[in-house]
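Residue-level listing of the chains:
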Amino acid sequence: MKIHIIGGPGSGKTSLAEKLSKEIGIRHYDLDDLQWDNQSDSYGAKRAPEERDRLLADVLSQKDWIIEGVYYAWCQQCFADADMIFVLRVPRYRCRYRIIRRFVRRKLCLEQGKKETLKSLFRLLKWADKYQQENLVEIRKLLVPYSDKVIEQYTFKSAGNKRI
């Protein structure tokens, strides 16, 4: 089983990937880990495209996978290879709330994460708006050839019927 989950920042991609991973026993991969150099001392350092593409090819060569992320321009092979593609569509206010909550939790060391700054938080909020207004339109066009395996998901329930 090969599953691709795409959605904007704060849409619940990671939560859904983790839930599915536990339920069906398939490893999940975060495309951010391929795109960004998390070993860098500075926030926002990207990997070289060649390295990122090699890492993605390694993931795609696996028998089963769950891939999640916001990226689409360099992930077209993911869509072609996937058995199911979840497109997460969450209201703007909910995404913004989740982004801010995650930032605060990371600053309070309640959650592991990247070395974000207040400036990067504002950039992410701005980018999240752009994603919903522009990128999602492009993604939907890109996914037309795969419409038989696309599932648009507006919300989902996690264990304990907690809304995600």
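Residues numbered from 1 in each chain as written. Predicted model: local features only at pLDDT ≥ 70, side-chain atom pairs only at ≥ 80, totals over all residues. Heavy atoms only, no water.

**As for the environment of I99**
With respect to the helices and strands, I99 occurs in helix 5 (residues 92–107). Taking the relative accessible area as the measure of exposure, I99 reaches 2% and is therefore buried. Separated by 25 residues in the primary sequence, I99 and L124 have C-alpha atoms spaced 8.1 Å apart. (Helix = DSSP H or I, 4+ residues; strand = E, 2+ residues; numbered from the N terminus. Buried < 20%, exposed > 50% of the residue type's maximum accessible area, 1.4 Å probe, protein only.)

**Regarding the pairing of strand 4 (residues 84–88)**
By the criterion of burial, strand 4 is predominantly enclosed, with four of the five residues buried. Here strand 1 (residues 2–7) runs beside strand 4; their pairing, made up of five bridges, is parallel. Within strand 4, the residue paired with I5 across the bridge is F86. Inspection of the sheet shows strand 4 paired to strand 5 (residues 150–153) by four bridges, in the parallel sense. If you follow F86 over to strand 5, its bridge partner there is I151. (Pairing = 2+ DSSP bridges.)

**Description of the confidence of the model for the chain**
As a general rule, the predicted coordinates of low-pLDDT regions are not to be interpreted in detail. Of all residues in the chain, 91% have pLDDT values of 70 or greater, and the mean over the chain is 88. Low pLDDT, under 50, characterises residues 157–164; the predicted model gives this stretch 16 contacts beyond four residues in sequence or across chains. (pLDDT = per-residue confidence, 0-100. Contact = heavy atoms within 4.5 Å.)

**Re the side chain of Q35**
Note that Q35 resides in helix 2 (residues 31–35). Take Q35: its relative accessible area is 7%, and that puts it in the buried class. There is a polar contact of 3.5 Å between the side chain of Q35 and the side chain of R52. Beyond its immediate sequence surroundings of up to four residues, Q35 is in contact with K46, R47, R52, Y71 and W74. (Polar contact = N/O pair within 3.5 Å; in protein donor to acceptor, adjacent residues only side chain to side chain.)

**Comments concerning helix 3 (residues 49–60)**
Between its terminal C-alpha atoms helix 3 stretches 16 Å, which fits the 16 Å expected from twelve residues at 1.5 Å a residue. Every buried residue belonging to helix 3 is among R52, L55, L56, V59 and L60, and all of these are buried. Burial along helix 3 is one-sided: seen end-on, the buried residues are contained in an arc of 140°. For helix 3, the elements touching its buried residues are strand 1, strand 2 (28–30), helix 2, strand 3 (65–69) and helix 4 (76–81). (Expected span 1.5 Å × (residues − 1). Arc of directions from axis to C-beta.)

**With respect to a nonpolar patch on the surface**
Together, I100, V104, L108 and L110 line one region of the surface with nonpolar side chains, adding up to about 360 Å² of accessible area. On the secondary structure map, L110 appears in the loop between helix 5 and helix 6 (118–142). Among the residues examined, L110 registers a relative accessible area of 52% and is labelled exposed. (Patch = residues over 30% accessible without salt bridge, like charges linked within 9 Å, V, L, I, M, F, W, Y side chains within 5 Å. Areas by Shrake-Rupley, 256 points an atom, 1.4 Å probe, with all protein chains shown as cover. Salt bridge = Lys/Arg side-chain N within 4 Å of Asp/Glu carboxyl O.)

**As for the packing of helix 5 against helix 6**
The geometry of helix 5 relative to helix 6 is characterised by a closest axis approach of 11 Å and an angle of 160° between their N-to-C directions. By the criterion of interaxial angle, the relationship of helix 5 to helix 6 is roughly antiparallel. Judged by the twist between their axes, the crossing of helix 5 over helix 6 is right-handed. On helix 6, the residues touching R92, C95, R96, I99, I100, R102 and F103 of helix 5 are L118, L121, L124, L125, A128, D129 and Q132. Its residues placed into classes, the contact of helix 5 with helix 6 shows nine nonpolar, one polar and four charged. (Axes fitted to C-alpha atoms, helices over the stretch in contact; angles between N-to-C directions. Parallel < 35°, antiparallel > 145°, perpendicular 65-115°, else oblique. Left-handed = near helix turned anticlockwise from the far one by under 90°. Nonpolar A, V, L, I, M, F, W, Y, C, P; charged D, E, K, R; others polar.)

**A short note on helix 5**
Between its terminal C-alpha atoms helix 5 stretches 23 Å, which fits the 22 Å expected from 16 residues at 1.5 Å a residue. Among all positions of helix 5, only R94, C95, R98, I99, F103 and R106 are buried. Along helix 5, the residues classed as buried sweep out an arc of 170° about the axis, all on the same side. Residues of helix 5 that are exposed and point more than 90 degrees away from the buried face comprise Y93 and Y97. Those residues of helix 5 that are buried are in contact with helix 6. C109 sits one or two residues past helix 5 and shows a positive phi near 60°.

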